[in-house]
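The primary structure of each chain is shown beneath.
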Number of protein chains: 2
Amino acid sequence: MNTGLFKRLFKDKNLRMSHPRFLIYQELLGAQNPLSPQELYQSLLKKRRKIGLTSIYRSLDLFESLNMVFKIINGSSVKYKLCELKDHHHHIICRSCGHVGVLNFCDISSWSKKVTESTGYQVVDHQLNFYGFCKKCKPLQK
Amino acid sequence: MNTGLFKRLFKDKNLRMSHPRFLIYQELLGAQNPLSPQELYQSLLKKRRKIGLTSIYRSLDLFESLNMVFKIINGSSVKYKLCELKDHHHHIICRSCGHVGVLNFCDISSWSKKVTESTGYQVVDHQLNFYGFCKKCKPLQK
DNA sequence: CGAATAATGAAAATATTTTCAATAAGAAAT
DNA sequence: ATTTCTTATTGAAAATATTTTCATTATTCG
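From a predicted model like this one, the values you see are computed outputs, not experimental measurements.

Caption draft 1: A look at the nonpolar core. Among the nonpolar cores identified, the biggest contains 24 residues, and Trp 111, Leu 128 and Phe 130 of chain A together with Trp 111, Leu 128 and Phe 130 of chain B are the most heavily contacted of them. Listing elements by their share of this core, those giving two or more residues are strand 3 (90-94), helix 5 (109-119) and strand 5 (122-133) of chain A together with strand 3 (90-94), helix 5 (109-119) and strand 5 (122-133) of chain B. Filtering out sequence-adjacent residues up to four positions away, Phe 130 of chain B remains in contact with Trp 111, Ser 112, Val 115, Val 123, Asp 125 and His 126 of chain A together with His 91, Ile 92, Ile 93 and Leu 103 of chain B.

Quick look at the structure:
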C-alpha cells in the first residue's frame, strides 16, 4: 500500500492523516516482525519522534477497522502487523512463533447464507482464523 | 452441561474442581446475559462468596480453553457466556445488542486442507465468527 | 490421614481506555 | 498562498482492566 492509497482511503472516510498516524504507519512498514503497542512506542521514542502512547492505541484500533493492520492475539500478548492486502481476507497463525500468513482466498459467501437461514441474522461481516504450526516450527514440535 | 460432565472433563485434564471455579460456573449458569469479569465478581461478592478477582480472570481463561465458555469481544467490552455445546462450534454476534448465537455446523475441514496446501502450515485449530444484526435489532438499523 | 502439587488471593506490575482541554488538519474563502 | 473556520485528533492524567509474582491454601490421590 503506497502513500497515495493511504491518503485516498482516509479522505473517503473523513479521517485525517495526522503526523502520529503517519509515524505509526511508517514504523510498521519498516518492521520485520509484528509489533506490540509498547514496542512501537519505544521504537518511536528512540528516534526522537514525539508521540503519545494513547495515540498508538487509538491509531492501531483505527487501522484495524480499516483492514490496514492485523491484530495478533497470542495468549496475553498483542501485536500488530501491516496487511499486504487492503481488502477482506483471512489469516493463519503459528501457535509456536506467532508468524502470520495471509490467505488470499475467501469464498465463504455460501456460509453467510446458511447462517442467515438458520438464525435470522443479517450477516455483515465475519472473521476466520486458522491456527497451526508453520514450516519452520513444525519439526520442532514435541 | 451438568455437574457430572463438568467433573469428568476436569479429571481428564488433571484439573481440580475448586470452589472458586464452581462458583463462577454456577454464576454463569444462572445468568440471563453474558457477564464481564467485573460483573461476575460483584455478583459473587453480593452473595457473600469469598473469591478473588484474579481467580475470575484465570477461571474464565481456563473455561474458554476448554470450550466451556465463549469470550465476546465487542469493542473494548469483554463478556463471557456459557456454551450449550461443549464441542467445537462457531458463533454469530449481533453488532447492535451483542447477542451471541451458536452455529452447530462446522464443515470447514476441506478449508484446512486448502490452507495447508497453500501455506505449508499444519493446521490444528480455527475460529470463525460471523457478525451482523439479529432479528430484534435488524429493524432498528438506520 | 499425609504427601504432592494445582490453585488461590493479595499486592505489584502492566496494559488499555476514558476524559477533557489544547492542537492541528483540511476545507473554503479570500 | 494566506487566513479563517470547523472539527477530528492529540496527549497528559486519571480511571479501569488484566496479568504476574509468590507465599499460602485446598484438592486429590494413595
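Caption draft 2: Expanded view of the pattern of salt bridges. Within the structure shown, the criterion is met by four salt bridges over all chains. Ionic pairing is found between Glu 27 of chain A and Lys 47 of chain A, a salt bridge with its closest N-O pair at 3.0 Å. Note that Glu 27 of chain A is positioned in helix 2 (residues 19-30) and Lys 47 of chain A in the loop between helix 3 (37-46) and helix 4 (53-65), a separation of 20 residues in sequence. The salt bridge involving Glu 39 of chain B is made with Lys 79 of chain B; its shortest N-O contact spans 3.4 Å. Separated by 40 residues along the polypeptide, Glu 39 of chain B in helix 3 (residues 37-46) and Lys 79 of chain B in strand 2 (residues 77-82) bring together distant segments of the chain. Assessed through its relative accessible area of 33%, Glu 39 of chain B is described here as partly exposed. Note on Lys 79 of chain B: relative accessible area 28%, which makes it partly exposed.

Caption draft 3: How the structure looks around the pairing of strand 5 of chain A. Where strand 3 of chain A and strand 5 of chain A come together, four bridges link them in parallel fashion. By the bridge assignment for strand 5 of chain A, His 91 of chain A is matched with Asn 129 of chain A. Where strand 5 of chain A meets strand 5 of chain B, 11 bridges bridge the pair, whose relative direction is antiparallel. For Gln 122 of chain A, the partnering residue across the bridge sits in strand 5 of chain B and is Phe 133 of chain B.

Caption draft 4: Structural view of the relation of the copies chain A and chain B. Overlaying chain A with chain B gives an RMSD of 0.1 Å, the required rotation being 180 degrees about an axis along which the chain moves by 0.0 Å. On the angle and the small slide along the axis, the relation comes out as a two-fold axis. Looking at the rotation axis and the C-alpha trace of chain A, the residue lying nearest is Leu 128 of chain A, at 2.2 Å. The residues that chain A uses at the interface reappear at the interface of chain B in 100% of cases, marking a shared surface.

Caption draft 5: Expanded view of the protein's contact with DNA strand D. Around DNA strand D, 22 residues are found, and the nearest of them are Ser 18, Arg 21, Ser 55 and Arg 58 of chain A together with Tyr 57 of chain B. In this structure, a phosphate oxygen belonging to DNA strand D sits 2.7 Å away from a side-chain N or O atom of Ser 18 of chain A. Among the residues making up the surface near DNA strand D, the classes are represented as seven nonpolar, nine polar and six charged.

Caption draft 6: Quick look at the protein's contact with DNA strand C. The environment of DNA strand C is formed by 21 residues, the closest being Tyr 57 of chain A together with Arg 16, Arg 21, Ser 55 and Arg 58 of chain B. In DNA strand C, atoms within 4 Å of the protein come 67% from sugar and phosphate. In this structure, Gly 52 of chain B approaches DNA strand C through a main-chain N or O atom, which is 3.1 Å from a phosphate oxygen. Arg 58 of chain B has a polar side-chain atom sitting 2.4 Å from a base nitrogen of DNA strand C. Secondary structure elements with two or more residues in the surface near DNA strand C: helix 3 and helix 4 of chain A together with helix 2 (19-30) and helix 4 (53-65) of chain B.

Caption draft 7: A look at helix 5 of chain A. Trp 111, Ser 112, Val 115 and Thr 119 of chain A are the residues of helix 5 of chain A that are buried. Looking straight down helix 5 of chain A, one finds that the buried residues subtend no more than 100 degrees of arc, so they occupy a single side. Helix 5 of chain A presents Ser 109, Ser 110, Lys 113 and Glu 117 of chain A as exposed residues on the side facing more than 90 degrees away from its buried surface. Buried positions along helix 5 of chain A lie against strand 5 of chain A together with strand 3, strand 4 (100-103) and strand 5 of chain B. Remark: Gly 120 of chain A follows helix 5 of chain A within two positions and exhibits a positive phi of approximately 85 degrees.

Caption draft 8: Quick look at the interface of chain A and chain B. Counting residues at the interface gives 37 residues for chain A and 37 residues for chain B. The largest per-residue losses of area from chain A upon contact with chain B belong to Trp 111, Tyr 121 and Phe 130 of chain A, which jointly make up 24% of the total buried on that side. At the boundary of chain A with chain B, the tally comes to zero salt bridges. Applying the counting rule to chain A against chain B returns 10 residue pairs in polar contact (both at pLDDT 80 or more).

Caption draft 9: Geometry of the layout of surface pockets. Residues and elements named next belong to chain B. Its boundaries defined by the atoms lining it, the second largest pocket holds a volume of some 450 Å³. Forming the boundary of the second largest pocket are 20 residues, of which Gln 32, Asn 33, Pro 34, Ile 72 and Lys 81 lie nearest the centre. Here the element with the most residues in the lining of the second largest pocket is strand 2; it accounts for five residues. Considered class by class, the residues forming the lining of the second largest pocket number 11 nonpolar, six polar and three charged. Two domains each put at least three residues into the lining of the second largest pocket: domain 1 (1-84) and domain 2 (88-142).

The rules we used
- Residues numbered from 1 in each chain as written.
- Chains lettered and ligands numbered in written order.
- Predicted model: local features only at pLDDT ≥ 70, side-chain atom pairs only at ≥ 80, totals over all residues.
- Heavy atoms only, no water.
- Core = buried A, V, L, I, M, F, W, Y, C linked by side-chain atoms within 4.5 Å.
- Buried < 20%, exposed > 50% of the residue type's maximum accessible area, 1.4 Å probe, protein only.
- Helix = DSSP H or I, 4+ residues; strand = E, 2+ residues; numbered from the N terminus.
- Contact = heavy atoms within 4.5 Å.
- Salt bridge = Lys/Arg side-chain N within 4 Å of Asp/Glu carboxyl O.
- Pairing = 2+ DSSP bridges.
- Least-squares fit on C-alpha atoms with pLDDT ≥ 70 in both.
- Near = heavy atom within 4 Å.
- Polar contact = N/O pair within 3.5 Å; in protein donor to acceptor, adjacent residues only side chain to side chain.
- Nonpolar A, V, L, I, M, F, W, Y, C, P; charged D, E, K, R; others polar.
- Arc of directions from axis to C-beta.
- Buried area = accessible area lost by both parts, 1.4 Å probe.
- 1 Å grid on protein atoms, 1.4 Å probe; cavity = no way out; pocket = protein on both sides within 12 Å on 5 of 7 lines; lining within 4 Å.
- Points joined across faces, edges and corners; volume = space filled by probe spheres on them.
- Domains from an automatic or database assignment.

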